[in-house]
Amino acid sequence: MPRLALYALVICLLAATAAVVSFVQGSWLGIVWVLMAGVSSNMAIYYFRRAKAG
């Protein structure tokens, strides 16, 4: 697995965890974490496909 894809996947997992913690604590800041998880998952998919094609 490419290094950039792995980093983006780790960021996605951390952002998803932060979103869950924020929502459990009753904070609406979790919406920002959900959006960050979405962006980082798209980055992970992009870098994985780019490395696979190249």
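Described in the following lines is the structure provided in the data block.

### Description of the environment of Leu6
No. 1: Mapping Leu6 onto the fold places it in helix 1 (residues 3–24).
No. 2: Sequence-wise, Leu6 and Ala18 are 12 residues apart; in three dimensions their C-alpha atoms are separated by 18 Å.

### Looking at the side chain of Ser40
No. 1: Residue position: Ser40 is located in helix 2 (residues 30–53).
No. 2: A distance of 3.3 Å separates a polar atom in the side chain of Ser40 from the backbone nitrogen of Cys12.

### Side note on the packing of helix 1 against helix 2
No. 1: Direction vectors running N to C along helix 1 and helix 2 enclose 160°, while the axes themselves pass 8 Å from each other. In terms of orientation, helix 1 and helix 2 fall into the roughly antiparallel class. For the pair helix 1 and helix 2, the crossing hand works out as left-handed. Here helix 1 contributes Leu4, Ala5, Ala8, Leu9, Ile11, Cys12, Ala15, Ala16, Ala18, Ala19, Ser22 and Phe23 to the contact with helix 2, which in turn contributes Gly30, Ile31, Trp33, Val34, Met36, Ala37, Ser40, Ser41, Met43, Ala44, Tyr47 and Phe48.
No. 2: When the residues that make up the contact of helix 1 with helix 2 are grouped by side-chain class, the tally is 20 nonpolar, 4 polar and no charged.

### Comments concerning helix 1
No. 1: The terminal C-alpha atoms of helix 1, which comprises 22 residues, lie 32 Å apart, in line with the 32 Å expected from a rise of 1.5 Å per residue.
No. 2: Every buried residue belonging to helix 1 is among Ala5, Ala8, Cys12, Ala15, Ala19 and Ser22, and all of these are buried. When helix 1 is viewed along its axis, its buried side chains cluster within an angular range of 105° and face the same direction. For helix 1, exposure combined with an orientation more than 90 degrees from the buried face picks out Arg3, Leu13, Leu14, Val20 and Val24.
No. 3: Among the structural elements, helix 2 are those in contact with the buried residues of helix 1.
No. 4: Downstream of helix 1 by one or two residues, Gly26 has phi in the positive range, about 85°.

Quick notes on the rules
Residues numbered from 1 in each chain as written. Predicted model: local features only at pLDDT ≥ 70, side-chain atom pairs only at ≥ 80, totals over all residues. Heavy atoms only, no water. Helix = DSSP H or I, 4+ residues; strand = E, 2+ residues; numbered from the N terminus. Polar contact = N/O pair within 3.5 Å; in protein donor to acceptor, adjacent residues only side chain to side chain. Axes fitted to C-alpha atoms, helices over the stretch in contact; angles between N-to-C directions. Parallel < 35°, antiparallel > 145°, perpendicular 65-115°, else oblique. Left-handed = near helix turned anticlockwise from the far one by under 90°. Contact = heavy atoms within 4.5 Å. Nonpolar A, V, L, I, M, F, W, Y, C, P; charged D, E, K, R; others polar. Expected span 1.5 Å × (residues − 1). Buried < 20%, exposed > 50% of the residue type's maximum accessible area, 1.4 Å probe, protein only. Arc of directions from axis to C-beta.

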